[in-house]
Amino acid sequence: MASASLFQAFRRFVSRNVKIRWMNERIWTDRIRTSNRTASLLVAVTPLSFLIYERITHFASVRALESAEEVLEQADYLYSCGETQKLHQLLLKHKDSDEAEFLWRLARASRDLALLSSISAEEKKRLIYEAFEYARRALEKNESSFAAHKWFAICLSDVGDHEGIKVKIGNSYIIRHHLERAIELNPKDATSIHILGYWCFAFAELPWYQRKVAAVIFASPPTATYEEALAFFLKAEEVDPNFYSMNLLMLGKTYMMLKDVQGAALWLTKARDYPAVTEEDKQVHKEALELLKKLNG
């Protein structure tokens with residue numbers, strides 16, 4: 001990069017410059033930390049050398065910033081390729097970061113790792129709670145991050161799966177609030193819209209006994225309809241067509257619940273034919289095949 005080349009040029013210039021010693025000048029040593037090592041440089045205290053020192057520290061900070069950006073770019077590339085384990089290992093190195101951009105990505109990576117079929121039940125639970133903690137910290141660091149709100153909502157829902165129906169239903173209002181906030185901050189994020197559709201679908205199909213429990217515990221338990229779910233799934237597809245295999249599957253399933261066979265067949269076929277990159281894509285492909293057989297049977 002240009003800044004890296006300039007930084008190296010300044011460093012070489014100082015190395016040559018410090019060899020010139022003036023009798024009446026004081027020489028002092030300072031440690032300048034770069035992004036990958038610590039360099040000790042002797043700098044002559046003159047206006048020129050002080051200016052050079054300032055420029056070096058400036059380029060060191062720029063280089064550190066670029067390194068962070070490069071890690072995020074690499075992380076997003078690994079995510080797009082479905083390299084879940086490599087992505088998790090990369091981001092774990094930044095688990096103590098104060099940057100929300102690292103933390104919500106680590107929450108996502110931990111959750112994705114938990115979804116792999118090779119992961120044991122015990123490890124899955126550990127990763128789910130780990131993901132929630134990273135998402136909580138991301139939101140704490142930046143409440144204006146739509147992604148932090150989104151992944152907090154997702155991870156909170158996952159935690160509810162391990163804590164019983166009372167906790168899960170109780171968390172549902174919080175989950176919806178954070179999803180709506182994510183959409184408010186970024187109306188073009190199709191994933192947040194999809195998850196809100198999934199929220200509606202889940203409460204539309206809530207079994208009667210769970211509805212009874214919810215009615216006893218909560219004065220006004222959350223409710224939703226398949227029509228509401230469908231509107232969100234279609235909106236997500238409008239914002240970003242063909243962005244997610246699960247959205248295609250949920251469109252097919254929602255049309256099935258609404259007794260629209262033609263609509264169900266259309267979207268289930270799209271879900272079946274979606275490129276299976278991730279573990280979730282493979283599961284979607286399998287379920288879409290099964291539902292199409294049932295639909296045609």
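Residue numbers here run from 1 along each chain, matching the order of that chain's written sequence. Two thresholds apply to this predicted model, a pLDDT of at least 70 for residue-level local features and 80 or more for giving and counting side-chain atom pairs, whereas whole-chain, interface and lining totals are computed over all residues. Excluded from the side-chain calculations are hydrogens and water; all other atoms, namely the structure's heavy atoms, are used.

**Details of the overall build of the chain**
- The helix and strand inventory of the chain stands at 13 helices and two strands.
- Buried residues in the chain amount to 42% of all 297 residues.
- Contact definition: two residues touch when any of their heavy atoms are within 4.5 Å. The contacts of the chain with a sequence gap of at least 6 include a subset with a gap of at least 24, amounting to 59%.
- Per-residue accessibility takes into account occlusion by the displayed protein chains alone, with areas from the Shrake-Rupley method and a 1.4 Å probe. Per element, the accessible surface of the chain, about 16800 Å² overall, is 54% carbon and sulfur. Numbering of helices and strands runs from the N terminus; a helix is a DSSP stretch of H or I covering at least four residues, while a strand is a stretch of E covering at least two. In this scheme, a residue with accessible area under 20% of its type's maximum is buried, one over 50% is exposed, and one in between is partly exposed, where area comes from a 1.4 Å probe on protein chains only.

**A closer look at a nonpolar patch on the surface**
- Residues with no salt bridge and a relative accessible area higher than 30% make up the patches, which join like charges within 9 Å and nonpolar side chains (Val, Leu, Ile, Met, Phe, Trp, Tyr) within 5 Å. When a carboxyl oxygen of Asp or Glu lies within 4 Å of a side-chain nitrogen of Lys or Arg, that pair is called a salt bridge. On the surface, Ile165, Val213, Val216 and Ile217 cluster together into a nonpolar patch covering about 310 Å² of accessible area.
- Of all the elements, helix H9 (residues 208-217) adds the most residues to the nonpolar patch, at three residues.
- With respect to the helices, strands and loops of the structure, valine 213 is situated in helix H9.

**As for the packing of aromatic side chains**
- Pairing of aromatic side chains requires ring centres within 6.5 Å, counting the rings of Phe and Tyr and the six-membered ring of Trp. Pairs whose planes differ by under 30 degrees are stacked, by over 60 edge-to-face, and all others tilted. According to the stated counting rule, one finds four aromatic pairs in the structure shown.
- Each ring, one from phenylalanine 201 and one from tyrosine 226, has its centre 5.3 Å from the other, and the planes form 65°; the classification is edge-to-face. In this pair, phenylalanine 201 is assigned in helix H8 (residues 190-204) and tyrosine 226 in helix H10 (residues 226-239), connecting sequence segments 25 residues apart. Each member of the pair, phenylalanine 201 as well as tyrosine 226, carries the same accessibility label: buried.
- An angle of 45° between the planes, with centres 5.8 Å apart, marks the rings of phenylalanine 243 and tyrosine 244 as tilted. Each of the two residues, phenylalanine 243 as well as tyrosine 244, counts as buried.
- If you follow arginine 108 out to its NZ or CZ, it ends over the ring of tyrosine 79, 3.5 Å from the centre.
- Consider the ring centre and the ring normal. A charge sits over the ring if Lys NZ or Arg CZ is within 6 Å of that centre and within 35 degrees of that normal. Lying across the ring of tryptophan 267, lysine 270 places its NZ or CZ 4.3 Å from the centre.

**Section: the pattern of salt bridges**
- Counted under the stated rule, the structure contains 16 salt bridges.
- The partner of arginine 181 in a salt bridge is glutamate 184, and the shortest N-O contact between them spans 3.1 Å. In this pair, arginine 181 and glutamate 184 both sit in helix H7 (residues 165-185), three residues apart, roughly one turn of the helix.
- You can call glutamate 184 exposed: its relative accessible area is 55%.
- Within this structure, Asp76, Glu101, Arg105 and Arg108 form a network of salt bridges that share partners.

**Thoughts on the nonpolar core**
- Take the buried residues of types Ala, Val, Leu, Ile, Met, Phe, Trp, Tyr and Cys, join any two whose side-chain atoms come within 4.5 Å, and each joined set is a nonpolar core. Judged by nonpolar contacts, the single largest core of 70 residues is most densely connected at Leu91, Trp199 and Leu249.
- Here leucine 249 is in contact with Leu268, Ala271, Val284, Glu287, Ala288 and Leu291, once residues within four sequence places are set aside.

**Quick look at the confidence of the model for the chain**
- Per-residue confidence for the chain gives a mean pLDDT of 81; residues scoring 70 or more make up 77%.
- The quantity known as pLDDT measures the predictor's confidence residue by residue, on a range of 0 to 100. Contacts for the low-pLDDT stretch residues 1-46, under 50 throughout, to residues beyond four places or in other chains number 66 contacts.
- For the stretch residues 56-65, pLDDT sits under 50, and the model shows 19 contacts to residues farther than four places along the chain or on other chains.

**A closer look at the side chain of aspartate 281**
- Position of aspartate 281 among the secondary structure elements: in helix H13 (residues 279-296).
- In this tally, Lys and Arg are treated as positive and Asp and Glu as negative; His is ignored, and so are the chain termini. Despite its burial, aspartate 281 pairs with no opposite charge; the closest candidate is lysine 282, at 8.7 Å N-O.
- Here a polar contact is taken to be a pair of N or O atoms separated by no more than 3.5 Å, where protein atoms must pair a possible hydrogen donor with a possible acceptor and residues adjacent in sequence count only if both atoms sit in side chains. A polar atom in the side chain of aspartate 281 sits 2.6 Å from the side chain of serine 245.
- In this structure, aspartate 281 is in contact with Ser245, Tyr274, Pro275 and Ala276, ignoring residues within four places of it in sequence.

**Regarding the environment of aspartate 96**
- Here aspartate 96 is to be found in the loop between helix H3 (84-92) and helix H4 (100-114).
- For aspartate 96, a relative accessible area of 66% translates into the label exposed.
- Expressed as a C-alpha distance, the spacing of aspartate 96 and tyrosine 134, which sit 38 residues apart in the sequence, is 9.5 Å.

**Looking at helix H6 (residues 146-160)**
- Expected helix span is taken as 1.5 Å per residue step, with the number of steps being one fewer than the number of residues. Here H6 spans 21 Å end to end across 15 residues, near enough to the 21 Å set by a 1.5 Å rise per residue.
- Of all 15 residues in H6, 13 are buried; the element is thus mostly enclosed.

**Here's the deal with the packing of H4 against H6**
- Axis lines are fitted to C-alpha atoms, over the contacting stretch for helices. Their N-to-C directions set the angle, which ranges from 0 to 180 degrees. Two numbers describe how H4 lies on H6: the axes approach to 9 Å, and their chain directions differ by 30°. You can see that H4 and H6 cross each other, and the crossing is left-handed. Contacts from Trp104, Ala107, Arg108 and Arg111 of H4 reach H6 at Ala147, Ala148, Trp151, Ile154, Cys155 and Asp158. Two helices crossing with the near one rotated counterclockwise from the far one by less than a right angle form a left-handed crossing, whereas a clockwise rotation gives a right-handed crossing.

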